[in-house]
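Below are the chains, spelled out letter by letter.
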Amino acid sequence: MVSSHGPGGAGDDGAPAEPSPPVCARCGAAADAGAQGPPPTWTFSVEHGVGRHYCDTCSRENLKSIEGRLDSDWW
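No experiment lies behind these values; they were computed from the predicted model shown. (Residues numbered from 1 in each chain as written. Predicted model: local features only at pLDDT ≥ 70, side-chain atom pairs only at ≥ 80, totals over all residues. Heavy atoms only, no water.)

Draft legend 1. View of the nonpolar core. Cys 24, Ala 31, Trp 42, Tyr 54, Cys 55 and Cys 58 together form the largest nonpolar core, which totals six residues. When residues no more than four places from it in sequence are discounted, the contact partners of Tyr 54 are Cys 24, Ala 25, Arg 26, Trp 42, Thr 43, Ser 45, Glu 47 and Ser 59. (Core = buried A, V, L, I, M, F, W, Y, C linked by side-chain atoms within 4.5 Å. Buried < 20%, exposed > 50% of the residue type's maximum accessible area, 1.4 Å probe, protein only. Contact = heavy atoms within 4.5 Å.)

Draft legend 2. Inspection of the environment of Arg 60 at higher detail. Here Arg 60 shows up in helix H1 (residues 56-61). Taking the C-alpha atoms as reference, Arg 60 lies 9.6 Å from Thr 41; in sequence the two are 19 residues apart. (Helix = DSSP H or I, 4+ residues; strand = E, 2+ residues; numbered from the N terminus.)

Draft legend 3. Looking closely at the pattern of salt bridges. Per the counting criterion, the structure on display carries two salt bridges. Arg 52 serves as the salt-bridge partner of Glu 47, at 3.7 Å between the closest nitrogen and oxygen. For Glu 47, the salt bridge goes to Arg 69, with nearest N and O atoms at 3.5 Å. Placement of the pair is Glu 47 in strand S1 (residues 43-47) and Arg 69 in the segment after helix H2 (63-68), with a sequence separation of 22 residues. Glu 47 gets classed as buried once you look at its relative accessible area, which sits at 15%. Salt bridges here are not isolated pairs; linked through shared partners, they connect Glu 47, Arg 52 and Arg 69. (Salt bridge = Lys/Arg side-chain N within 4 Å of Asp/Glu carboxyl O.)

Draft legend 4. How the structure looks around the confidence of the model for the protein chain. Looking at the protein chain as a whole, the pLDDT averages 80, with 76% of positions reaching at least 70. For the protein chain, the element scoring lowest by mean pLDDT is H2, at 85; H1 scores highest, at 93. Scored below 50 in pLDDT, residues 1-6 shows four contacts in the model against residues more than four places distant or in partner chains. (pLDDT = per-residue confidence, 0-100.)

Draft legend 5. Spatial organisation of the side chain of Ser 59. Counting through the fold element by element, Ser 59 comes out in helix H1. One polar contact links Ser 59 to Thr 43, side chain to side chain, over a distance of 2.6 Å. Among all residues touching Ser 59, those that are not within four sequence positions of it are Thr 43, Tyr 54 and Ile 66. (Polar contact = N/O pair within 3.5 Å; in protein donor to acceptor, adjacent residues only side chain to side chain.)

Draft legend 6. Representation of the side chain of Ser 45 within the structure. Examined against the element boundaries, Ser 45 turns out to sit in strand S1. With relative accessibility at 13%, the residue Ser 45 sits in the buried group. At 3.2 Å, the side chain of Ser 45 forms a polar contact with the side chain of Glu 47.

What follows is the structure in structure tokens.
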């Protein structure tokens, strides 16, 4: 099967695809599309080998659960 898209591009012009803004894994809120990555108030977690972003509201509401998973080296 042959694809008309280049190896790194989304279109025929070979330009790289625009990265989509991060989305909160808990509530689905999307980060500002114009920002470079997630806002600094968001949390990033690796769970079962999968990276997930959490918005500031969900991070605050679940802070004790998040901290409870940290190794003692981090506290």
